[in-house]
Amino acid sequence: MEKGTVELQVWHQKFLRYLACEGSPPAPGRISSRDPLHDKSSSHSPSSGASQSWFAIGIALIFSSFLKSPDKLNSETQIPLPAVNMPREAEISTNEKQFLKTALTENVRIDGRLFEQYRPLSLGFGEEFGVAEVELGKTRILAKVSAEVTVPYADRPFDGIFQIVTELSPMVSPAFEVNRPTETEVLLSRLLEKTVRRSGALDTESLCLMAGKKCWAVRVDVHVLSHDGNLVDAACVAVVAALRHFRKPDTSVEGEMVTVYTAAEREPTPLSWLHSPYCVTWSFYGEEGEMALLDASWKEEQVQVASFTVSLNRHGEVCQIAKLGGVAVDAVLLLKCTAGATVEVKRISEMVDQKLEEDAKRRDKGGLMAELRAENERES
Amino acid sequence: MLAPAKPINCPLASCLAWSACPTKKFTNCSDSELSLFRLPPSAPVTTPSTDTINRFDLYLRATSVLDSVFSHSPARNVAMPLDTSTYSMALLRVDGRRWNELRRLHAQIRTQSASDGSSYLEMGHTKVLCVVTGPTEKLASQRMASSSSSSLLDVNISIAGFSSVDRKRPSRTDKRVSEMAFTVQQSLNKAVHAAIFPNSTISISLTVLSQDGSLLASLFNAATLALVDAGIPMSDYVTACTSGSTSSYAAADDAADPLLDLNRQEEQELPFLTVATLGGSDRVCALVCESRVQVSRLEGMLAVGVDGCKQVRTLLDRVIRERGAKMIEEGAIARGDVVGAGDEMDTEED
């Protein structure tokens, strides 16, 4: 069994234990701090005991979902939920809406950013390969990649399986339920699917081990840890970074025998990665959507009249465009926004490349030392 | 009206001339040439005779476009191989259209007399039925369920199993379909004067009978027609069409032309996007692109798409007006009445 799966099972058991000791589930901040991946403590802590238990159930469900096989996930994670109407997302008040709109007409955003300014974007990697955590302002997303050997689909014998699974659990907001995908979740997963999978960022043919018989199934689980707007952009960075960070076990094929080597036997290999697409989301405001804001926060999203997500890679190729309704926006403005997005994508792309490089250096301590020593020798 | 084609006396000579002539792109044309070229597809099409010699001659005439003349009749009967790379030679697409021609758009409204509003729309071989019910009172469950509670419209799309080449069992949880439904709903929501109908819901149910490209665009157009038929006040038509580019994402060729209204074959091979605009304006309600394309191509594709939407609007408007005139003729509604009496409306029939 994979190392990650074992670890997750341990976590899962831990959470089940938390659930068992009734009434006193540990605060989410503490959960996060025990978790080796989350070295930063969570900024969200539910205030009431009831929401805490929801939180714990959400966590337990997330981790239990890791343990299931991907294709059976939807049919098998039937958890008997209490038959209550889930509370809706608290709506932003009319006054606040008005304040936001008026401020925008005076070229001011409530958090003091410029219209075309991103919130600070940070990217971190876990100890394990294939885990990335992205923070975009207060939005936090965790993506984890896992791979296993399975049988390819009958109609695609030469392709491996690649899927992106999104989870919006009640820990983000009580409006999200497990097993009942909301509009937000469907749109998020479709956008990621179109951006990363359909654009051919991952070469699925390279995942094939034995035509029609064995292939790798790569799965990315996207978990939204906190939602403060612009999930799409943050999730996309997380998915791309996690996939590029991921190393799958090395394999060899002899006749009809596929051997999967452990990390100790052979160095795990990175995935065959073709290009890195990133999403950039614009939000529109005003009667005719004449004001365009980059990277709207949750509050700003509640007031927007339309949104426009464009996915590009640094070579200036559009991978996906989605303006799914809303107020009609002038075509020229959309083109301007796309041009702005190309600049932004280059910046994000550089950032991700740099972080990946840093992480690779950190892991390659021996190699780095050797390099330094060689340099010193030359200098002396 | 298209200018008459230049007569070609010697097919062989023009053939030689054609092979020697470098490709001339329409982008080099003057505005007048472009406007000449930008005729609606309803312009009379000279049907070529079935005589094979004439057909060959017609093909040559089509290729004479390379001599900078865009002034020949669209040759719809010329057979083209499936490979779209031949496009650069004759500037004719697989089904014999030019870059800026829509397929045949046939539409009807009031097809289901029992419903509040209904329409049937064909864009080429893509066929969509739409039925609008409402406005009705919002159900308690709907009020609870939708987090975006202000939504007036409720869009359902069902794609018939026999609609495409490979039969698929319709699944209720297809994310692609629910995304399309969401797009149609969100776009039309802003076009409909929703403030008139508080606490109400209008359900739009779309049935796809046949798919041959431009599916989302057809859904938009059919839904708009049915809403008009149901008498729901809207600020303008929401019309949609697709536009593509002849270049694949890998090729950095400059010779790529934008294309209008792609069929299924073209959609599979070429990058394309779906544009929906509000009325005859340049304002875009929905813009959906799912394929990889150079960002520099986008402008051309969008311009052609928006232009196509205007053409579609004219066509849809004609359908509505013809139907209205017919109803007045039949006495179903009195001239000048905004809405006829309920009984009369019900009794009128196709």
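Predicted model, so just to flag it, every value in this text is computed and none were measured. (Residues numbered from 1 in each chain as written. Chains lettered and ligands numbered in written order. Predicted model: local features only at pLDDT ≥ 70, side-chain atom pairs only at ≥ 80, totals over all residues. Heavy atoms only, no water.)

Thoughts on the overall build of chain B
In terms of regular secondary structure, chain B is built from 10 helices and 10 strands. Within chain B, contacts between residues separated by at least 24 positions form 70% of all contacts whose residues are at least 6 apart in sequence. About 16,400 Å² of surface is accessible on chain B, with carbon and sulfur atoms providing 54% of the total. (Helix = DSSP H or I, 4+ residues; strand = E, 2+ residues; numbered from the N terminus. Contact = heavy atoms within 4.5 Å. Areas by Shrake-Rupley, 256 points an atom, 1.4 Å probe, with all protein chains shown as cover.)

Things to note about helix α6 (residues 175–191) of chain B
All names here are of chain B. Compared with the 24 Å implied by 1.5 Å per residue over 17 residues, the 24 Å span of α6 between its first and last C-alpha is a close match. Burial runs high along α6: 13 of the 17 residues are buried. Where α6 starts, the residue carrying a side-chain oxygen 3.1 Å from the main-chain nitrogen of Arg176 turns out to be Asp174. (Expected span 1.5 Å × (residues − 1). Buried < 20%, exposed > 50% of the residue type's maximum accessible area, 1.4 Å probe, protein only. Polar contact = N/O pair within 3.5 Å; in protein donor to acceptor, adjacent residues only side chain to side chain.)

Side note on the interface of chain B and chain A
Contact with chain B, which involves 36 residues of that partner, is made by 39 residues of chain A. Here chain B meets chain A over a buried area of about 3,200 Å², counting both sides, of which 56% is carbon and sulfur. Put simply, Arg292 of chain B and Glu317 of chain A hold a salt bridge, and the shortest N to O gap is 2.8 Å. Counting across the interface, chain B meets chain A through 18 residue pairs in polar contact (both at pLDDT 80 or more). Per-element tally for the side of chain B that touches chain A: the top contributor is α6 of chain B, with 10 residues. Each residue belonging to the side of chain B that touches chain A can be placed in one class, and the counts come to 15 nonpolar, 11 polar and 10 charged. The pairing of strand β14 (residues 317–323) of chain A with strand β10 (residues 293–294) of chain B spans 2 bridges and is antiparallel. Bridge pairing links Glu317 of chain A to Gln294 of chain B in β10 of chain B. (Buried area = accessible area lost by both parts, 1.4 Å probe. Salt bridge = Lys/Arg side-chain N within 4 Å of Asp/Glu carboxyl O. Nonpolar A, V, L, I, M, F, W, Y, C, P; charged D, E, K, R; others polar. Pairing = 2+ DSSP bridges.)

Topic: the pattern of salt bridges
Residue and element names in this part refer to chain A. Across all of its chains, the model carries 37 salt bridges over all chains by this definition. For Asp353, the salt bridge identified is with Arg244, shortest N-O distance 2.8 Å. Linking Asp353 in helix α9 (residues 331–363) with Arg244 in helix α7 (residues 231–245), this pair joins segments that are 109 residues apart in sequence. Overall, Asp353 belongs to the partly exposed group, its relative accessible area being 24%. Looking at Arg244, the relative accessible area reads 23%, which means it is partly exposed. The closest approach of N and O atoms between Glu344 and Arg347, which form a salt bridge, is 2.6 Å. You can see Glu344 and its partner Arg347 sitting in helix α9, 3 residues apart, about one turn around the helix. Of the residues examined, Glu344 reaches a relative accessible area of 11% and is grouped as buried. On the accessibility criterion, Arg347 (39% relative accessible area) is partly exposed. Where salt bridges share partners, they join Arg109, Asp111, Arg113, Arg119, Asp228, Asp295 and Glu300 into one cluster.

A look at the confidence of the model for chain A
Residue and element names in this part refer to chain A. For chain A, per-residue confidence averages 80 on the pLDDT scale, and 73% of positions sit at 70 or higher. Scored below 50 in pLDDT, residues 21–52 makes 34 contacts in the model with residues more than four places away or belonging to other chains. Of the regions scoring below 50 in pLDDT, residues 58–84 engages in 41 contacts with residues more than four places distant in sequence or in other chains. (pLDDT = per-residue confidence, 0-100.)

Quick notes on the state of the cysteines
For the structure shown, the criterion picks out 0 disulfides over all chains. As a non-bridged cysteine, Cys236 of chain A has Cys279 of chain A as the owner of its nearest cysteine sulfur, 3.7 Å distant. In this structure Cys309 of chain B is a free cysteine whose sulfur lies 4.0 Å from that of Cys241 of chain B, the closest cysteine sulfur available. The exposure class of Cys309 of chain B is buried, given its relative accessible area of 0%. (Disulfide = S-S within 2.5 Å.)

Thoughts on the confidence of the model for chain B
Residue and element names in this part refer to chain B. The pLDDT averaged across chain B works out to 74; a share of 65% of its residues lies at or above 70. pLDDT under 50 marks residues 1–82. Its contacts with residues more than four places away, or in other chains, come to 99 contacts. Between residues 339–350, whose pLDDT stays under 50, and residues either more than four places distant or in other chains, the model counts 18 contacts. On the interface metric, ipTM, the complex scores 0.74, and its pTM is 0.74.

A look at the environment of Ala234 of chain A
All names here are of chain A. Looking at where Ala234 falls in the secondary structure, it is placed in helix α7. Once the C-alpha coordinates of Ala234 and Glu148 are considered, the two residues, 86 residues apart in sequence, prove to be 26 Å apart. Among all residues touching Ala234, those that are not within four sequence positions of it are Val134, Leu136, Thr139 and Ile141.

Considerations on the packing of aromatic side chains
Residues and elements named next belong to chain A. Counted under the stated rule, the structure contains 1 aromatic pair over all chains. Considering the side-chain rings of Phe284 and Phe308, the 6.4 Å spacing of their centres and the 45° angle between planes classify their relative orientation as tilted. Pair noted here: Phe284 is in strand β11 (residues 278–285) and Phe308 is in strand β13 (residues 306–312), with a separation of 24 residues, a long-range link. Its relative accessible area of 0% is what places Phe284 among the buried residues. A cation over a ring is seen here: Arg347 above Tyr118, with NZ or CZ 5.5 Å from the ring centre. Above the face of the Phe129 ring, Arg363 is positioned so that its terminal group lies 4.5 Å from the ring centre. (Phe/Tyr/Trp six-rings, centres within 6.5 Å; stacked < 30°, edge-to-face > 60°. Lys NZ or Arg CZ within 6 Å of the ring centre and 35° of its normal.)

A closer look at the side chain of Ser226 of chain A
Residue and element names in this part refer to chain A. If you trace the backbone, Ser226 turns up in strand β6 (residues 214–226). On the accessibility criterion, Ser226 (3% relative accessible area) is buried. A polar contact is formed between the side chain of Ser226 and the backbone oxygen of Lys138, at a distance of 2.4 Å.

A short note on the UniProt feature "domain: Exoribonuclease phosphorolytic" (unreviewed entry) in chain A
Mapped onto this structure's residue numbering, the UniProt feature "domain: Exoribonuclease phosphorolytic" (unreviewed entry) falls at residues 117–249 and 276–337 of chain A. Across residues 117–249 of chain A, the secondary structure splits into 23% helix and 36% strand, with the terminal C-alpha atoms separated by 40 Å. (UniProt positions renumbered as here; feature names shortened; annotations may be inferred.)

Some thoughts on unusual backbone geometry
Residues and elements named next belong to chain B. Along the chain, Gly134 connects to Pro135 via a cis peptide bond; the corresponding omega equals 5°. Residue placement: Pro135 occurs in strand β3 (residues 126–137). Backbone geometry at Asp261 places phi at a positive 55°, although glycine is not the residue there. On the secondary structure map, Asp261 appears in the loop between β7 (258–260) and α8 (264–269).

So, the nonpolar core
In this structure, Leu243 and Phe284 of chain A together with Ile157, Ile204 and Leu206 of chain B are the most contacted members of the largest nonpolar core, which totals 150 residues. Residue contacts for Leu206 of chain B: discarding those within four places in its chain leaves Val128, Leu129, Cys130, Val155, Asn156, Ile157, Ser158, Leu219, Ala222 and Ala223 of chain B. (Core = buried A, V, L, I, M, F, W, Y, C linked by side-chain atoms within 4.5 Å.)

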